[in-house]
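Residue-level listing of the chains:
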Amino acid sequence: MKKLGLVSALASFGRHLLAIGVGIRYLFSEPRMTVRYPEYYIVPEEGYRGEVRFHRDKCIGCGLCARICPASAMKMYKLPGEKRMRPGINYQRCIFCGYCVSICPTGALELTQVNDVACYTLDEMVLSPDEFERERVSPAVKEGARPLKTRFDDRRGLKHVPD
Ligand code: SF4
Ligand code: SF4
C-alpha cells in the first residue's frame, strides 16, 4: 500500500515537472502567445462583442433594451427636459450578450469592439445616458498602440501578426 502511494506521488511529481518544462519552453520560444500591451493590442475579430454605444438621436425611449437585459445592466432614466426615457448601462453587471442591441427597434444601440477601458472605482462603471452616449476609445489605441491580428499557427495553434 505504501509502495503504491510512493509510485503515485512520483508520477504526480513527474507530471508537474513536465508542465513546468512546457511553460519554460513556451516562455522562450517564438511566437509568444501574449503581447506587450499597451505597446501592442490585439484587434478583435469581426462579431466580437465589446462595449455598447448609445445613439440618442435614434432612441424612441421604448425601454425594450432594459426589459430584455438578462443581467439587469440596462436601466431607463428620466432626464430633465426630455419627454422620453433614455437608457444607461452598468458595466459592473453587463455580460456583453448583445441582446439589447438586437432588440432595439431603431438601431440606437451599437456593439463596439472596445474591451479595455479601465475604471478606478465601481461608480465609474455605471454610465448615465449622457455618459453612455459618449464614444469610448480603447486607451491603448489612443496612445498609438500597434495593432496585431490573431492567426492560426501550425506549431503553436495561434500567433499574433501585425495588422
Ligand atoms: S449587452 Fe446584454 S448584459 Fe449588457 S446591457 Fe446589453 S442586454 Fe444587458
Ligand atoms: S431599445 Fe433602443 S429605442 Fe428603445 S429605449 Fe432602448 S435604445 Fe432606446
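What you are looking at is a predicted structure, and each value in this text was computed from that prediction instead of being measured.

Procedures and definitions
Residues numbered from 1 in each chain as written. Chains lettered and ligands numbered in written order. Predicted model: local features only at pLDDT ≥ 70, side-chain atom pairs only at ≥ 80, totals over all residues. Heavy atoms only, no water. Near = heavy atom within 4 Å. Nonpolar A, V, L, I, M, F, W, Y, C, P; charged D, E, K, R; others polar. Phe/Tyr/Trp six-rings, centres within 6.5 Å; stacked < 30°, edge-to-face > 60°. Helix = DSSP H or I, 4+ residues; strand = E, 2+ residues; numbered from the N terminus. Domains from an automatic or database assignment. Core = buried A, V, L, I, M, F, W, Y, C linked by side-chain atoms within 4.5 Å. Buried < 20%, exposed > 50% of the residue type's maximum accessible area, 1.4 Å probe, protein only. Contact = heavy atoms within 4.5 Å. Pairing = 2+ DSSP bridges.

Asker: Sorry if this is basic, but what is going on with the site of ligand 1 here?
Answerer: Surrounding ligand 1, one finds C69, P70, A73, M74, I89, C94, I95, F96, C97, G98, Y99 and C100. For the shell around ligand 1, the class distribution of residues is 11 nonpolar, one polar and no charged.

Asker: I'm lost on the packing of aromatic side chains in this one. Help?
Answerer: Think of a pair of aromatic rings as described by two things: how far the centres are apart, and how the planes are tilted against each other in angle. Evaluated as defined, the whole model comprises two aromatic pairs. Between F54 and F132 the ring centres are 5.5 Å apart and the planes differ by 20°, which places this aromatic pair in the stacked class. Placement of F54 in strand β2 (residues 52-54) and of F132 in helix α4 (residues 129-133) is noted, with a sequence separation of 78 residues between them. An angle of 10° between the planes, with centres 5.9 Å apart, marks the rings of Y91 and F96 as stacked.

Asker: I keep staring at the site of ligand 2 and nothing clicks. Help me out?
Answerer: Around ligand 2, a shell composed of 13 residues is seen, among which C59, C62, G63, C65 and C104 lie nearest. Of the residues in the shell around ligand 2, the class split is 10 nonpolar, three polar and no charged.

Asker: Which parts of the structure should I look at to understand the domain arrangement of the chain?
Answerer: Frequently, the measure chosen for interface size is the accessible area removed from exposure when the parts meet. Once the domains are mapped, the chain shows domain 1 (1-30) and domain 2 (52-142). Placing the centre of domain 1 and that of domain 2 at their C-alpha centroids yields a distance of 48 Å.

Asker: Can you help me understand the nonpolar core in this one?
Answerer: One recurring pattern in soluble globular proteins is that nonpolar side chains are buried together. If you look at the biggest cluster of nonpolar residues, it comprises 20 residues, and the most contacted ones within it are V52, M74, I89, Y91, C100, L109 and F132. Counting only elements with at least two residues in this core, the list comes to β2, α2 (64-68), β3 (74-77) and α3 (99-103). The contact partners of M74, leaving out residues within four places of it in the chain, are C65, A66, C69, P87, G88, I89, C100, L109 and F132.

Asker: Would you take a moment to explain the sheet that holds β3 for this structure?
Answerer: Two orientations exist for strands paired in a sheet by backbone hydrogen bonds: parallel and antiparallel. The sheet built from three strands is open, its strands ordered β3-β4-β6 with antiparallel pairing. Two strands lie at the open edges of the sheet, namely β3 and β6 (126-127), each paired on one side alone. As defined by bridge partners, strand β4 (residues 86-90) adjoins β6 across two bridges and the pair is classed as antiparallel. Its bridge partner lying in β6, N90 is registered against V126.

Asker: Even after reading the chapter, I still don't get unusual backbone geometry, so can you show me in this structure?
Answerer: For residues other than glycine, phi is negative in most cases, and the peptide bonds are mostly trans. Residue Y37 is joined to P38 through a cis peptide bond whose omega torsion reads 10°. Notably, S72 is not glycine yet its phi reads approximately 55°, a positive angle. Summarising the element assignment, S72 is placed in the loop between α2 and β3. Residues other than glycine seldom take positive phi values, yet F96 does so here, at roughly 55°. One can find F96 in the loop between β4 and α3. Overall, the relative accessible area of 28% leaves F96 in the partly exposed class.

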